[in-house]
Amino acid sequence: MSSQPPPSVGLVLAADEPASLARFYGVVSGAGVQPGLSQTHWRVPLPGSGWLEIYAPSRSRPLPRQRGRLALAIHLLGGELALSTAVARAQEHGAQLVEPTRQEPFGWEAWLNDPEGNALLLIAREAGE
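Residues numbered from 1 in each chain as written. Predicted model: local features only at pLDDT ≥ 70, side-chain atom pairs only at ≥ 80, totals over all residues. Heavy atoms only, no water.

Colleague: Explain the sheet that holds strand β4 (residues 51–55) to me, please; I cannot follow it from the model alone.
Modeller: Strand order in this open sheet of four strands is β1-β4-β3-β2, and the pairing throughout is mixed. This sheet does not close on itself; its edge strands, each paired only once, are β1 (10–14) and β2 (34–35). Direction of pairing for strand β3 (residues 41–45) relative to β4: antiparallel, over a ladder of five bridges. Across the sheet, residue His41 finds its bridge partner in β4, namely Tyr55. Strand contacts of helix α1 (residues 18–29): β1, β3 and β4, with the helix running at about 5° to β3, the strand carrying the most contacts. (Pairing = 2+ DSSP bridges. Helix = DSSP H or I, 4+ residues; strand = E, 2+ residues; numbered from the N terminus. Contact = heavy atoms within 4.5 Å. Axes fitted to C-alpha atoms, helices over the stretch in contact; angles between N-to-C directions.)

Written out as structure tokens, the structure is:
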């Protein structure tokens, strides 16, 4: 058997301004931002394990902005208060609230668009749930 560590898993997000978008996700998730593999690549550690990889696409293979069915979800503890605080912090850093926050059976949620228009779901549960 090999003694190599298992591969890490991450999400890849193309960005027009990767450094700025990485800072945004660093603030929203409470994680640090790290330089990536090039000057246009940044990494934000995901809680638990894995990475959010943010990069500028190659000019020879541009990726247009589009809203798909994939969204980054950030889970918070602290219920409605934690969610309202996170939404305000995200908006201060360029996010737009897509629809009002609401309570669901699993907790509180808010759908936003990040500063480049990508879908972001913030979910907050009470600490004991």
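Colleague: When you look at the side chain of Glu116 in this model, what are you seeing that I'm missing?
Modeller: Looking at the secondary structure, you find Glu116 in the loop between β8 (107–113) and β9 (119–125). With a relative accessible area of 9%, Glu116 lands in the buried category. Side-chain polar atoms of Glu116 contact the backbone nitrogen of Glu17, separated by 2.8 Å. (Buried < 20%, exposed > 50% of the residue type's maximum accessible area, 1.4 Å probe, protein only. Polar contact = N/O pair within 3.5 Å; in protein donor to acceptor, adjacent residues only side chain to side chain.)

Colleague: Got a minute to help me understand the environment of Arg89 in this structure?
Modeller: Among the structural elements, Arg89 can be located in helix α2 (residues 79–92). Once the C-alpha coordinates of Arg89 and Val27 are considered, the two residues, 62 residues apart in sequence, prove to be 7.9 Å apart. When sequence neighbours within four positions are dropped, the list of residues in contact with Arg89 reads Val27 and Val28.

Colleague: Would you mind going over the packing of aromatic side chains with me for this structure?
Modeller: Two descriptors summarise a pair of aromatic rings, namely the distance from one centre to the other and the angle between the planes of the rings. Counted by the stated rule, this structure contains one aromatic pair. Ring centres of Phe24 and Tyr25 lie 5.0 Å apart, and the angle between their planes is 80°; on these two criteria the pair is classed as edge-to-face. A residue is classified by how much of its surface remains accessible, and Phe24, at 2% relative accessible area, is buried. For Tyr25, a relative accessible area of 2% translates into the label buried. Positioned over the ring face of Trp51 is Arg43, at 3.8 Å from the centre of the ring. (Phe/Tyr/Trp six-rings, centres within 6.5 Å; stacked < 30°, edge-to-face > 60°. Lys NZ or Arg CZ within 6 Å of the ring centre and 35° of its normal.)

Colleague: Help me out: how do you make sense of the nonpolar core in this one?
Modeller: Across soluble globular proteins, nonpolar side chains show a tendency to be buried alongside one another. If you look at the biggest cluster of nonpolar residues, it comprises 24 residues, and the most contacted ones within it are Phe24, Tyr25, Ile54, Leu120 and Leu122. Those elements that provide at least two residues to this core are α1, β4, β5 (72–77), α2, β8 and β9. In terms of residue count, the dominant contributor to this core is α1 (five residues). The residues touching Leu122, leaving out its near neighbours within four places in the chain, are Val28, Ile74, Leu83, Ala86, Val87, Trp108, Glu109, Ala110 and Leu112. (Core = buried A, V, L, I, M, F, W, Y, C linked by side-chain atoms within 4.5 Å.)

Colleague: When you look at the confidence of the model for the chain in this model, what are you seeing that I'm missing?
Modeller: It should be kept in mind that the predicted coordinates are not to be read in detail where pLDDT is low. Of the residues in the chain, 84% have a pLDDT of 70 or more, and the chain-wide mean is 85. By mean pLDDT, β1 is the weakest element of the chain at 84, and strand β6 (residues 96–97) is the strongest at 96. (pLDDT = per-residue confidence, 0-100.)

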